[in-house]
Amino acid sequence: MRHLRATLLSLSILLATSPRGLLAQDAPAKSWTFELFAGSAWNAPTPLTIWQSGQPDIVTMAHYSTKPWTGSPYYAIRIARWKGNRAWAFDLTHHKLYLDDPPADVQHFEITHGYNLVHISRVWEVKSWLLSVGPGVVFTHPENTVRNLDLYPESGGTLGGGYYLDGVSLMGAVGRHVKIAGPLFATGLGKMTLSTATVRVMDGGAEVPNVAFHLNLGIGMRL
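My aim in this report is to walk through the structure given alongside it, one point at a time.

Conventions we followed
- Residues numbered from 1 in each chain as written.
- Predicted model: local features only at pLDDT ≥ 70, side-chain atom pairs only at ≥ 80, totals over all residues.
- Heavy atoms only, no water.
- Helix = DSSP H or I, 4+ residues; strand = E, 2+ residues; numbered from the N terminus.
- Buried < 20%, exposed > 50% of the residue type's maximum accessible area, 1.4 Å probe, protein only.
- Contact = heavy atoms within 4.5 Å.
- Areas by Shrake-Rupley, 256 points an atom, 1.4 Å probe, with all protein chains shown as cover.
- Phe/Tyr/Trp six-rings, centres within 6.5 Å; stacked < 30°, edge-to-face > 60°.
- Lys NZ or Arg CZ within 6 Å of the ring centre and 35° of its normal.
- Patch = residues over 30% accessible without salt bridge, like charges linked within 9 Å, V, L, I, M, F, W, Y side chains within 5 Å.
- Salt bridge = Lys/Arg side-chain N within 4 Å of Asp/Glu carboxyl O.
- Pairing = 2+ DSSP bridges.
- Core = buried A, V, L, I, M, F, W, Y, C linked by side-chain atoms within 4.5 Å.

1. What about the overall build of the protein?
Helices and strands together make up the secondary structure of the protein, namely 1 helix and 13 strands. Secondary structure elements in the protein, listed N-terminal to C-terminal, are α-β-β-β-β-β-β-β-β-β-β-β-β-β. Sorting the 223 residues of the protein into buried and exposed places 49% on the buried side. Residue pairs in contact within the protein that sit at least 24 positions apart in sequence constitute 68% of those at least 6 positions apart. Accessible surface computed for the protein: about 10,500 Å², of which carbon and sulfur atoms make up 64%.

2. Quick word on the packing of aromatic side chains
Enumeration over the complete set of coordinates arrives at 2 aromatic pairs. Ring plane angle 20° and centroid distance 6.3 Å describe the contact between Trp 32 and Phe 34, whose orientation is recorded as stacked. Overall, the relative accessible area of 38% leaves Trp 32 in the partly exposed class. Sitting above the plane of the Tyr 164 ring, Arg 200 keeps its charged end 3.8 Å from the centroid. The ring of Trp 82 carries Arg 222 above its face, with NZ or CZ at 5.5 Å from the centroid.

3. Some words on a nonpolar patch on the surface
A contiguous nonpolar surface patch, about 950 Å² in accessible area, is contributed by Trp 42, Trp 124, Val 126, Trp 129, Leu 131, Val 133, Leu 170, Val 174, Met 192, Leu 194 and Phe 213. At the level of elements, strand E7 (106-126), strand E8 (129-140), strand E11 (164-181) and strand E12 (184-201) are the ones that each hand at least two residues to the nonpolar patch. With 3 residues, the single largest contributor to the nonpolar patch is E8. Following the sequence through the fold, Val 174 ends up in strand E11.

4. Considerations on the pairing of strand E13 (residues 204-222)
Here strand E1 (residues 30-43) pairs with E13 via 11 bridges, running antiparallel. If you follow Trp 42 over to E13, its bridge partner there is Phe 213. Pairing analysis gives 18 bridges linking E12 to E13, with the strands arranged antiparallel. Opposite Phe 185, over in E13, you have Gly 220 as the bridge partner. Counted along the chain from E12 to the antiparallel partner E13, the turn is 2 residues long, and its residue Asp 203 has a positive phi close to 65°.

5. Describing the nonpolar core
Among the nonpolar cores identified, the biggest contains 19 residues, and Leu 48, Ile 50, Phe 109, Tyr 115, Ala 206 and Val 208 are the most heavily contacted of them. At the level of secondary structure, the elements contributing two or more residues to this core comprise strand E2 (46-52), strand E3 (58-62), strand E6 (86-99), E7, E12 and E13. Here this core takes 5 residues from E7, the largest share from any one element. In this structure, Phe 109 is in contact with Leu 48, Ile 50, Tyr 98, Leu 99, Glu 143, Asn 144, Val 199, Val 201, Ala 206 and Val 208, ignoring residues within four places of it in sequence. Within the second largest apolar cluster, 6 residues are counted, among which are Ala 80, Ala 87, Ala 89 and Val 123.

6. Some words on the environment of Pro 209
The residue Pro 209 is located in strand E13 in this model. C-alpha separation for the pair Pro 209 and Pro 45, spaced 164 residues apart in sequence, amounts to 9.5 Å. Dropping the residues within four chain positions of it, Pro 209 is found in contact with Thr 46, Pro 47, Tyr 115, Ser 195 and Thr 196.

7. Here's the deal with unusual backbone geometry
Backbone geometry at Arg 147 places phi at a positive 50°, although glycine is not the residue there. Classification of Arg 147 by relative accessible area gives buried; the value is 16%. Here the phi dihedral of Asp 203 falls at roughly 65°; this positive angle occurs in a residue that is not glycine. Along the polypeptide, Asp 203 turns up in the loop between E12 and E13.

Here it is as structure tokens:
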């Protein structure tokens, strides 16, 4: 794990200090890029509302941790189709939320097999920097215990396996590519996501908005 963190730090320094990125004129007029990222996110405090049949609502200002290296890791993927210095991109971010300060009636609350963000974004290359924005949806895999009632789904859902299409999202990002050799390049993204999802709890549900700032670093290939 320490080696992986050191690699990510090295990539961050490379991306920040390189005098030029992988410019559009370095690439064919039309091309595909494939990128795989590790990373983490900081989550702004947001209101959390939980309701259950026959019970008063639980309303709290929630603080979440991401814990990128715990359990199922945080990761992101971007696939983009380039035409000149513009592209359309598919972004998948396997985001995770651990509730740090559960109120008295909430024994456990996490969405860590994924508060998964799927975006379609428009990308522009401007002076070696990649600017992107786009809408998306949220697929969740909630795991919680509220008032001693457990919800840990392993089946069902929109995608099966307990994964549900539960919300919508908007992403803005700034990134950079730095050529390594041949089709390979180092890649980085700083992203802000604004999302909301209504997830399941036993005998009820929860409204889980999320405002997150992500740092993604990884490796890419242009074909």
